[in-house]
Amino acid sequence: MSDDERQIRTLITRWADAVHRGDLDTVLDQHAEDLVMYDVPAPHEGIRGLAAYRATWPPFFVWQAQGARFDLDTLHVTAGPDVAYAHALVRCGTPEELAECPSLRLRLTFGLRKEDGRWLIAHEHHSFPHD
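Notes on the structure follow. Not measured: the values here are computed from a predicted model. (Residues numbered from 1 in each chain as written. Predicted model: local features only at pLDDT ≥ 70, side-chain atom pairs only at ≥ 80, totals over all residues. Heavy atoms only, no water.)

Under the defined criterion, the tally for this structure stands at nine salt bridges. Arg 14 serves as the salt-bridge partner of Asp 29, at 2.8 Å between the closest nitrogen and oxygen. Here Asp 29 is found in the loop between helix H2 (24–28) and strand E1 (31–38), whereas its partner Arg 14 is found in helix H1 (residues 3–21), with 15 residues between them in sequence. Taking the relative accessible area as the measure of exposure, Asp 29 reaches 29% and is therefore partly exposed. (Salt bridge = Lys/Arg side-chain N within 4 Å of Asp/Glu carboxyl O. Helix = DSSP H or I, 4+ residues; strand = E, 2+ residues; numbered from the N terminus. Buried < 20%, exposed > 50% of the residue type's maximum accessible area, 1.4 Å probe, protein only.)

Membership of the largest hydrophobic core comes to 32 residues, with the highest contact counts inside it found for Trp 15, Tyr 53, Trp 57 and Phe 70. Only H1, H2, E1, helix H3 (50–65), strand E3 (69–79), strand E4 (83–93), strand E5 (106–115) and strand E6 (118–127) provide two or more residues apiece to this core. Ranked by residues supplied to this core, first place goes to H1 with seven residues. If near-sequence neighbours (up to four positions away) are discounted, Trp 15 is found in contact with Val 27, His 31, Tyr 53, Trp 57, Phe 70, Leu 108, Phe 110, Glu 124 and His 126. (Core = buried A, V, L, I, M, F, W, Y, C linked by side-chain atoms within 4.5 Å. Contact = heavy atoms within 4.5 Å.)

This part covers the environment of Glu 33. Along the polypeptide, Glu 33 turns up in strand E1. Not counting residues up to four positions away in its chain, the partners in contact with Glu 33 are Gly 49 and Leu 50.

Taking 1.5 Å per residue as the helical rise, H1 with its 19 residues ought to reach 27 Å, and the 27 Å between its terminal C-alpha atoms agrees with that figure. Listed in full, the buried residues belonging to H1 are Asp 4, Glu 5, Ile 8, Leu 11, Ile 12, Trp 15, Ala 16, Ala 18 and Val 19. Down the axis of H1, the buried set is contained in an arc of 160°. They therefore lie on one face. (Expected span 1.5 Å × (residues − 1). Arc of directions from axis to C-beta.)

Before going further, it helps to spend a moment on the packing of H1 against H3. Remark: H1 packs on H3, axes separated minimally by 9 Å, with the N-to-C direction vectors making an angle of 55°. One finds that H1 runs oblique with respect to H3. Residues Trp 15, Val 19 and His 20 of H1 pack against Tyr 53, Trp 57, Phe 60, Phe 61 and Gln 64 of H3. (Axes fitted to C-alpha atoms, helices over the stretch in contact; angles between N-to-C directions. Parallel < 35°, antiparallel > 145°, perpendicular 65-115°, else oblique.)

Take the side chain of His 31 next. Here His 31 is to be found in strand E1. Overall, the relative accessible area of 6% leaves His 31 in the buried class. Polar side-chain contacts of His 31 include one of 3.1 Å to the side chain of Tyr 53. What His 31 contacts, discounting residues up to four positions off in sequence, is Trp 15, Leu 50, Tyr 53, Leu 120, Ile 121 and Glu 124. (Polar contact = N/O pair within 3.5 Å; in protein donor to acceptor, adjacent residues only side chain to side chain.)

To continue, consider the sheet that holds E1. Ordered in space as E2-E1-E6-E5-E4-E3, the six strands form an open sheet in which the pairing is mixed. Of all the strands in the sheet, just strand E2 (47–48) and E3 have a single pairing partner and so form its edges. In this structure, E3 lies alongside E4, joined through ten bridges in antiparallel fashion. Bridge assignment links Phe 70 to a residue of E4, and that residue is Cys 92. Along the sheet face, H1 touches E1, E3, E4, E5 and E6 and points at about 165° away from the line of E3. On the sheet, H3 packs against E1, E2, E3, E4 and E6 and is oriented at approximately 60° with respect to E1. (Pairing = 2+ DSSP bridges.)

Here you go:
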């Protein structure tokens, strides 16, 4: 594993842990100002910019505080000199949802770019399989 891959793995693991804890400042850290995110809830055309990204998290944290889980299951990283991508699976759901479908995983894809020697998340895509 390259040093860049290790840095990105640490960045995403830290991000996922912050989501799990409801730590908004750490969730936002290391995201590009011009971030684009496609998320499970609307708007389905995605959101653009760090301010819009920030606004998506409080409702998720409220839902999660009611007992839902957000646990990183798998993470794969591929890094070039200044562009990288990663994909992950996350156990994300209420205890009832996860009991009904134990294999259910949220799918995450990240696009990253290196600016001034620092990796930033520039793209996120969150989705659930549609059966």
